[in-house]
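# Observations on the three-dimensional arrangement
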Number of protein chains: 2
Amino acid sequence: MAKSKANRPKARLPKGFADRSAADIRRTNHMVDTVRTVYERWGFEPVETPFVEYADALGKFLPDADRPNEGVFAFQDDDGGWLSLRYDLTAPLARYVAENFDRVPRPYKSYRAGWVFRNEKPGPGRFRQFMQLDADIVGAASPAADAEICMMASDTMEALGFWRGEFAIKVNSRTVLDAALDAIGLAGEDHGQTRLAVLRSIDKADKFTREDVQRLLGEGREDESGDFTKGAGLSAEQAEAILSIFYPLVGPGAGTNMFDPMDDDETNIAAQDGAPDYRRTDSDTLWHVRRQLEDISADVAALDDLTAMSDIYRAAGYGTKRIQIDFSVVRGLEYYTGAVFEAALTFETKDASGKSVRFGSVGGGGRYDGLVGRFISQNVPATGFSVGVSRLAAALEVRSDSEPTPGPVIITVMDRDNLPAYQKMTAALRAELNKGGATVPVEMYVGDAGMKAQLKYADRRNAPCVIIQGSQEREAGKVQIKDLAAGKRAAQEIDSREEWVAARPAQVEVEETTEAIVAAVRNILL
Amino acid sequence: MAKSKANRPKARLPKGFADRSAADIRRTNHMVDTVRTVYERWGFEPVETPFVEYADALGKFLPDADRPNEGVFAFQDDDGGWLSLRYDLTAPLARYVAENFDRVPRPYKSYRAGWVFRNEKPGPGRFRQFMQLDADIVGAASPAADAEICMMASDTMEALGFWRGEFAIKVNSRTVLDAALDAIGLAGEDHGQTRLAVLRSIDKADKFTREDVQRLLGEGREDESGDFTKGAGLSAEQAEAILSIFYPLVGPGAGTNMFDPMDDDETNIAAQDGAPDYRRTDSDTLWHVRRQLEDISADVAALDDLTAMSDIYRAAGYGTKRIQIDFSVVRGLEYYTGAVFEAALTFETKDASGKSVRFGSVGGGGRYDGLVGRFISQNVPATGFSVGVSRLAAALEVRSDSEPTPGPVIITVMDRDNLPAYQKMTAALRAELNKGGATVPVEMYVGDAGMKAQLKYADRRNAPCVIIQGSQEREAGKVQIKDLAAGKRAAQEIDSREEWVAARPAQVEVEETTEAIVAAVRNILL
């Protein structure tokens, strides 16, 4: 049946795609289930769209004769229409709400977990298929909706096992940034590129010094390697205005935990005002920015929504350690129209090779009032949040030191003629060990190999124990049960084969009754 | 922000794709979790492959300049290689095992749930994206592996809530069919088309009379509407040989439950031999077919594996009601090389419009020893089972009469200036009602509408109750709690507005303390 080598296809994954291990799947499922529970408690309902949409519904994509796949995976349908694999979960949601506008309750609160696809050059840790987990409120313009998304994001981080102070939900508003840019003479679409460059410079403020950000706002900056990054081209005066509004509030270390991780009392933190300016209360931050905006005659009403949001989450008990206004949060996507959020991990940890890692952002979102209006003749306000599932899973993996999931109890097969009898024993054991909702895997070995290979198989499966019955035991009405973990420990202590055979460490012989075998196995599992 | 109508893309799904409702997602998740638990108990581990594979790895597809998308969704990568969306979960598993051959334990027992894609003409209930749930054993040639798959499939059906007698796992073997075809002079690839036509005729045996199947095996058959189906072209003698082997064992009604649903004792069923020939013990069936194969000098060794399988699952306690040999099971896919299985629902039910429905097959599988050998120079035996998730979900939906999931407890907003206070109340209620792992959705209304629209929203969300506090209640330190279900009942009994206002049915006023509100809400939820 095997083909000749020349005709054989190569067994290989396309670049940028990955297979998922049992550990990865279990970890991700657990994570998604945890988040799902939080979202349900907040009154969000699941809704899912398919993987394939009309390319024009996704909005980013225009078919191009030379290269139809730029950015997205696209293909032509039988009727000539262009289809694309979705590249995020927001664009399809906008299509869904527009298509079912009169049928969904409004505000429409929904969540979904799903795979998205990017037709980009893959790199280390950069895949062409990855999972997102989104929650959105469509049809609510109120800052209460944005505040709700931030509080729920905070609850999510806590439910996943992060402590207060290990994460921060950071809040900003495009409206404030826009007001400042308008005031320094960069209003309108003519300055689109400059505005974008300013946003990118501010985005660097949590990594770069004030001087470096100043260079990025001006002519540009040369890094240690000699690479030059072209600047936004602002005048010294314009750059200073931007810096005086945004820079002192951020800077390296912003959002890190300087206080007792369990302390979430804002007044308590405010009392430490003598400490460096790394974390402020929202009211301090807002007061500062209001003064700076007034200095350049910018529209201070731009601060109203952030102020309203802050009042709401503070009233609901979410302090500075969980949610905080942070003007370094920019978020790349051009469709954001108001509040923007980011969930950042603030602790440092070591990766597998012992290197210090700071995870940083594991999710983000914001207000995107224009997206549903692409389809229908109404403006439909919307706000949402998206979690990068694999980034978050990686962070959780580093943080936990969980044991690998135990493998199955394995009934080995000594004489092949007795397969029915072995299978009967297996069925009885499985039924008994899984009573009351437990999950204890039990299997009969179904391969063709001998005992040595079966024990090797049990080892690879991380089996806690194996059950052995040869003809001798069968005639005596007995079975042998071998504790594999205890066996490994014993093997390090016992030197000679004679001693081993005499001691038979980690192996017990019991009567061939379900009760006796179950008791012996339970004894090993506990 | 809304575009002019001419530029607006239409909000519509591509044909053959569907959005998924909350009820569908919840039902499917519950189903997949249930099946997952069964598979884990049998020692199967999750593994998942990506949605995209090299087209040649999937095997079905050869790029074609005119129509690259025949059957599968395909697109060209930057480097010119053809990529496809997977059309099942088996071909990617074969690629995975071949690529990781020395790293996986063997036998390799794995399972996965995942979406697959078919580029076919969609029709009613026929989608271009659907979910499969597969379990496979790769690297085991033993009938014990096939028996294990069948027993696990049976456990799965029971775990999902089907009673014994409501489903049947039906077993057949391509080897037996092949032996019969070889013996009547249809050996070899020259007769490929005829063999396929015979398989298709046998496949009809559970729906058609003996005479009709005879016509299909011979010249052909005209149905009531006058449509003619061309037959396999067998001689009368050949057709009779096939019929005498396969037909009497199947026929309409085979596999239906004629006995006590809890009775799974084979001897008990065998004792009812006076009853019509609808269900036999495996040993009767095998004895009958052995005699018929001998009559045409066919190779009776073809029955050995089925006999061994039957011995194993019977010994493990799986009787005729759960697993049975049934020669009408053919399964379409050409890659099956030995045993084939089918999970069929045997009960009749009514659909939403009151029509009688018989679900029939909800899953199937078999032995596919050639699939991994496409990639590497070894033959790797394999066997597996695939569940059609939406078919099974539809069957479960018809069978259960579960209430819709209750919606959130909704805190309405009377005066917008007090959003922080409403949100504080919401947070406190959510924390209290979800203590101890419960999931009770609680939300503050975040839209902009007035009280009437808020109550309509609560109704659409299927909210059990709403909490109302206007300025009057706030000053008095009270809240109103409205039981929406009880309110609907009362509305049918009370006629006049005066009477309603006087009685205030289904509405209570309580102190504005978390304890009092929680107690009143719990009273409504229970």
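Residues numbered from 1 in each chain as written. Chains lettered and ligands numbered in written order. Predicted model: local features only at pLDDT ≥ 70, side-chain atom pairs only at ≥ 80, totals over all residues. Heavy atoms only, no water.

### Here's the deal with the overall build of chain A
- A tally of helices and strands in chain A yields 18 helices and 18 strands.
- Put simply, chain A has 526 residues, and 55% of those count as buried.
- When the accessible area of chain A is evaluated, it comes to approximately 22,900 Å², of which 49% is carbon and sulfur surface. (Helix = DSSP H or I, 4+ residues; strand = E, 2+ residues; numbered from the N terminus. Buried < 20%, exposed > 50% of the residue type's maximum accessible area, 1.4 Å probe, protein only. Areas by Shrake-Rupley, 256 points an atom, 1.4 Å probe, with all protein chains shown as cover.)

### Comments concerning the pattern of salt bridges
- Enumeration according to the criterion identifies 64 salt bridges over all chains in this entry.
- A salt bridge links A:Glu158 to A:Arg164; the shortest N-O distance between them is 3.0 Å.
- A relative accessible area of 25% means that A:Glu158 is categorised as partly exposed.
- Several salt bridges share partner residues, and in doing so they unite A:Lys15, A:Arg128, B:Asp77 and B:Asp79 into one network. (Salt bridge = Lys/Arg side-chain N within 4 Å of Asp/Glu carboxyl O.)

### Considerations on the side chain of A:Thr285
Residue and element names in this part refer to chain A.
- With respect to the secondary-structure elements, threonine 285 resides in helix H10 (residues 282-295).
- The exposure class assigned to threonine 285 is buried, which follows from its relative accessible area of 3%.
- Separated by 3.1 Å, the side chain of threonine 285 and the backbone oxygen of threonine 281 make a polar contact. (Polar contact = N/O pair within 3.5 Å; in protein donor to acceptor, adjacent residues only side chain to side chain.)

### Structural notes on the interface of chain A and chain B
- Each side of the interface is counted separately: chain A has 107 residues, and chain B has 108 residues.
- When chain A packs against chain B, close to 9,300 Å² is buried across both sides, 56% of that on carbon and sulfur atoms.
- In this structure, the connection of chain A to chain B is made through 14 salt bridges.
- For the salt bridge of A:Arg95 with B:Asp19, the shortest nitrogen-to-oxygen distance reads 2.8 Å.
- Linking chain A with chain B are 28 residue pairs in polar contact (both at pLDDT 80 or more).
- Examining the composition of the side of chain A that touches chain B, we find that eight residues originate from one element, helix H1 (residues 22-41) of chain A, more than from any other. (Contact = heavy atoms within 4.5 Å. Buried area = accessible area lost by both parts, 1.4 Å probe.)

### A word on the relation of the copies chain A and chain B
- Mapping chain A onto chain B is achieved by rotating through 180° and translating by 0.0 Å along the same axis, at an RMSD of 0.1 Å. The transformation just described matches what one would write down for a two-fold rotation axis. When C-alpha positions in chain A are compared against the rotation axis, the closest is assigned to A:Phe75, at 3.0 Å.
- A high fraction, 100%, of the interface residues of chain A reappear at the interface in chain B, so the copies pair face to face through one surface. (Least-squares fit on C-alpha atoms with pLDDT ≥ 70 in both.)

### Thoughts on the packing of aromatic side chains
- In the structure shown here, the tally under the stated rule is 22 aromatic pairs over all chains.
- Their ring planes at 65° and their centres at 5.7 Å tell us that B:Tyr39 and B:Tyr111 sit as a pair that is edge-to-face. Linking B:Tyr39 in helix H1 (residues 22-41) with B:Tyr111 in strand S5 (residues 108-117), this pair joins segments that are 72 residues apart in sequence.
- Aromatic ring contacts, followed pair by pair, group A:Phe17, A:Phe73, A:Phe75, B:Phe17, B:Phe73 and B:Phe75 into a single cluster. (Phe/Tyr/Trp six-rings, centres within 6.5 Å; stacked < 30°, edge-to-face > 60°.)

### Comments concerning the packing of helix H11 (residues 304-315) of chain A against helix H13 (residues 419-433) of chain B
- Across the interface, H11(A) lies against H13(B) with an axial gap of 7 Å and an inter-helix angle of 35°. H13(B) is crossed by H11(A), and the crossing has right-handed handedness. On the side of H11(A), the interface is formed by A:Asp311, A:Ile312 and A:Ala315, while H13(B) contributes B:Leu419, B:Pro420, B:Gln423 and B:Lys424.
- Looking at the contact of H11(A) with H13(B) residue by residue, the class counts come to four nonpolar, one polar and two charged. (Axes fitted to C-alpha atoms, helices over the stretch in contact; angles between N-to-C directions. Left-handed = near helix turned anticlockwise from the far one by under 90°. Nonpolar A, V, L, I, M, F, W, Y, C, P; charged D, E, K, R; others polar.)

### Examining the confidence of the model for chain A
Residues and elements named next belong to chain A.
- Overall, the predicted model of chain A reaches an average pLDDT of 86, with 89% of residues at or above 70.
- When the criterion is pLDDT under 50, residues 61-69 qualifies, and its contacts beyond four places in sequence or with other chains add up to 15 contacts.
- Contacts from residues 250-278, a stretch scored under 50 in pLDDT, to residues over four places away or in other chains number 57 contacts.
- Taken together, the chains of this predicted complex give a pTM of 0.87 and an interface ipTM of 0.87. (pLDDT = per-residue confidence, 0-100.)

### Thoughts on a positive patch on the surface
- Residues A:Arg106, B:Lys452, B:Lys456 and B:Arg460 make up a contiguous surface patch of positive charge.
- With respect to the element layout, B:Lys456 can be found in helix H14 (residues 451-460). (Patch = residues over 30% accessible without salt bridge, like charges linked within 9 Å, V, L, I, M, F, W, Y side chains within 5 Å. Lys, Arg positive; Asp, Glu negative; His and termini not counted. Charge placed at Lys NZ, Arg CZ, Asp CG, Glu CD.)

### Observations concerning the sheet that holds strand S1 (residues 45-46) of chain A
All names here are of chain A.
- Reading across the sheet, the eight strands line up as S1-S5-S6-S13-S12-S11-S7-S10 and stay open at both edges, with mixed pairing between neighbours. Looking at strand neighbours, the two that pair on one side only are S1 and strand S10 (323-325), the edges of this open sheet.
- Sitting on the sheet, H1 touches S1, strand S5 (108-117), strand S6 (129-138) and strand S13 (382-388), and the angle it makes with S6 is about 0°.
- Against the sheet, helix H5 (residues 174-183) contacts strand S7 (167-173) and strand S11 (339-350), and its axis sits at roughly 45° relative to S7. (Pairing = 2+ DSSP bridges.)

### With respect to the pairing of strand S16 (residues 465-468) of chain A
Residues and elements named next belong to chain A.
- A two-sided burial pattern is seen for S16, the buried positions comprising Cys465 and Ile467 on one face and Val466 and Ile468 on the other.
- The pairing of strand S14 (residues 409-411) with S16 spans two bridges and is classified as parallel. Residue pairing for S16: isoleucine 410 is matched across the bridge by valine 466.
- Note: S16 against strand S17 (residues 478-483), four bridges, orientation antiparallel. By the bridge assignment, valine 466 is partnered in S17 with lysine 482.

### Considering the sheet that holds strand S1 (residues 45-46) of chain B
All names here are of chain B.
- Spatial strand order, S1-S5-S6-S13-S12-S11-S7-S10: eight strands in an open sheet with mixed pairing. The open sheet terminates on both sides in strands that have one partner only, identified here as S1 and strand S10 (323-325).
- Of the pairings in the sheet, the one linking strand S7 (residues 167-173) to strand S11 (residues 339-350) comprises seven bridges and is antiparallel in character. Along S11, the bridge assignment pairs serine 173 with alanine 339.

### Focus on the pairing of S7(A)
Residues and elements named next belong to chain A.
- For S7, the tally of buried residues reaches seven of seven residues, placing the bulk of the element in the interior.
- The alternating pattern of S7 places Phe167, Ile169, Val171 and Ser173 on one face and Ala168, Lys170 and Asn172 on the opposite face, and all of these are buried.
- Sheet analysis places S7 next to S10, joined by three bridges and oriented parallel. Residue valine 171 lies in a different strand from S10, and its bridge partner there is isoleucine 325.

### Things to note about unusual backbone geometry
Residues and elements named next belong to chain A.
- Of note, the bond from arginine 106 into proline 107 is cis; its omega dihedral lies within 30 degrees of zero at -5°.
- For proline 107, the position within the fold is in the loop between helix H3 (90-99) and S5.
- For serine 297, which is not glycine, the phi torsion reads 55° and is therefore positive.
- Along the chain, serine 297 turns up in the loop between H10 and H11.

### Considering helix H10 (residues 282-295) of chain B
Residue and element names in this part refer to chain B.
- Counted at 1.5 Å a residue, the expected span for H10 with its 14 residues is 20 Å, and the 20 Å between its end C-alpha atoms agrees.
- Those residues of H10 lying buried are Asp282, Thr285, Leu286, His288, Val289, Gln292 and Leu293. Buried residues of H10, seen end-on, are gathered within an arc of 165° and therefore sit on one face of the element. Those residues of H10 that are exposed and aimed more than 90 degrees away from the buried face are Trp287 and Asp295.
- Just beyond H10, the residue with positive phi is serine 297, at close to 60°. (Expected span 1.5 Å × (residues − 1). Arc of directions from axis to C-beta.)

### A word on H5(A)
- Every buried residue belonging to H5(A) is among A:Arg174, A:Val176, A:Leu177, A:Ala179, A:Ala180 and A:Leu181, and all of these are buried.
- If you follow the buried residues of H5(A), they end up packed against S7, helix H6 (192-203), helix H8 (236-246), H10, H11 and S11 of chain A.

### Some thoughts on the environment of A:Gln469
Residues and elements named next belong to chain A.
- With respect to the helices, strands and loops of the structure, glutamine 469 is situated in the loop between S16 and helix H15 (471-476).
- Note: C-alpha distance between glutamine 469 and isoleucine 149 (320 residues apart in sequence) is 59 Å.
- Setting aside residues no more than four positions away along its own chain, glutamine 469 makes contact with Met414, Asp415, Tyr422, Met425, Arg474, Lys478, Val479 and Glu512.
- Polar side-chain contacts of glutamine 469 include one of 3.0 Å to the backbone oxygen of lysine 478.
- Reaching out from glutamine 469, the side chain makes a polar contact with the side chain of glutamate 512 at a distance of 3.0 Å.

### Some remarks on the environment of B:Gly319
- Following the sequence through the fold, B:Gly319 ends up in the loop between helix H11 (304-315) and S10.
- Separated by 37 residues in sequence, B:Gly319 and B:Asp282 have C-alpha atoms that sit 9.3 Å apart.

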